[in-house]
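Residue-level listing of the chains:
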Amino acid sequence: MQEIADGVIYQDADRVLVILWNADRTFEGWLSAEDSLRFCPSEVAAPLNPVVQQALKSVANSWNSSDGISHGYGKDFAIDALRKLLEAGYVVNEPTLEAGAFAAGFKWDEVTQLRTYAAKLAQSGRFVTKGKAYRDEVVSIWERAASE
């Protein structure tokens, strides 16, 4: 799916038709981020929260591209961003999180890893990180950026 969206497979295509046979949350987030058209009017697209998207843009701009978010600083930034969003009352459930991650430029495996972190944090899971990656008032910065 990501290769199709990036134009790797069909480089000359203006549009692509994708029909999903299941409701996988990663697909749902990807479809929302790609501004897909829904043929079933009873289905509602995943809401794209602009603050969550700003937070995930910050994460995407902070990691080492060769490491992603699976370990090192990328993991620290991803987990701290999710913690700060949750503490500020933002919902980082599926497929809203996936939609924000894809819209921020995450690749498929990075979105899957991010979902793992969010699920564990939602269950009061603890992660060992190298301290706070973002300052305490970062959510207000993301909110301002989202409103511009």
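For the structure itself, consult the block above.
How each quantity is defined
- Residues numbered from 1 in each chain as written.
- Predicted model: local features only at pLDDT ≥ 70, side-chain atom pairs only at ≥ 80, totals over all residues.
- Heavy atoms only, no water.
- Helix = DSSP H or I, 4+ residues; strand = E, 2+ residues; numbered from the N terminus.
- Buried < 20%, exposed > 50% of the residue type's maximum accessible area, 1.4 Å probe, protein only.
- Contact = heavy atoms within 4.5 Å.
- Areas by Shrake-Rupley, 256 points an atom, 1.4 Å probe, with all protein chains shown as cover.
- Expected span 1.5 Å × (residues − 1).
- Lys, Arg positive; Asp, Glu negative; His and termini not counted.
- Salt bridge = Lys/Arg side-chain N within 4 Å of Asp/Glu carboxyl O.
- Polar contact = N/O pair within 3.5 Å; in protein donor to acceptor, adjacent residues only side chain to side chain.
- Core = buried A, V, L, I, M, F, W, Y, C linked by side-chain atoms within 4.5 Å.

**Q** Can you break down the overall build of the protein residue by residue, with the values?
**A** On a plain count of helices and strands, the protein comes out with 7 helices and 0 strands. For the protein, the succession of helices and strands along the chain, N to C, is α-α-α-α-α-α-α. Split into buried and exposed, the 148 residues of the protein put 37% on the buried side. Sequence-distant contacts in the protein: of pairs separated by 6 or more residues, those separated by 24 or more amount to 71%. In the form shown here, the protein has an accessible surface area of approximately 9000 Å², with 49% of it arising from carbon and sulfur atoms.

**Q** Would you mind going over helix α4 (residues 72-87) in detail, with residue names and values included?
**A** In this model α4 runs 23 Å from its N-terminal to its C-terminal C-alpha over 16 residues, within 8% of the 22 Å that 1.5 Å per residue would give. Residues of α4 that are buried include every one of G74, D76, F77, A78, I79, D80, A81, L82, K84 and L85, and no others. Against the buried residues of α4 lie α3 (50-60), α5 (96-103), α6 (108-122) and α7 (138-147). A positive phi of about 95° marks G89, the residue just after α4.

**Q** With reference to specific residues and values, describe the side chain of E110.
**A** Here E110 shows up in helix α6. In this structure E110 is buried but unpaired, with K107 as the nearest side chain of opposite charge at 6.9 Å. Reaching out from E110, the side chain makes a polar contact with the backbone nitrogen of K107 at a distance of 2.7 Å. Beyond its immediate chain neighbours, meaning those up to four positions away, E110 contacts W63, G68, I69 and G105.

**Q** Break down the environment of L121 for me, citing the residues and quoting the values.
**A** Position of L121 relative to the elements: it lies in helix α6. Accessibility expressed as a relative area gives 11% for L121, which makes it buried. A sequence separation of 35 residues divides L121 from L86, and the C-alpha atoms of the two residues are 8.7 Å apart. Contact partners of L121, with chain neighbours within four places excluded, come to I79, L82, R83, L86 and F127.

**Q** Outline the nonpolar core, listing residues and values.
**A** Counting 31 residues, the largest nonpolar core has V59, F106, L114 and W142 as the members making the most contacts within it. When residues of this core are traced back to their parent elements, those giving at least two are α3, α4, α5, α6 and α7. Sorting elements by how many residues they give to this core places α4 first, with 6 residues. Residues contacting L114, with those up to four places away along its chain left out, are L56, I69, A78, L82, L97, A101 and F106.

**Q** Lay out the side chain of K84 in plain terms, naming residues and giving numbers.
**A** Among the structural elements, K84 can be located in helix α4. A distance of 3.4 Å separates a polar atom in the side chain of K84 from the backbone oxygen of Y134. Once residues lying within four places of it in the same chain are set aside, the contact partners of K84 are K132, Y134, R135, D136, V138, V139 and W142.

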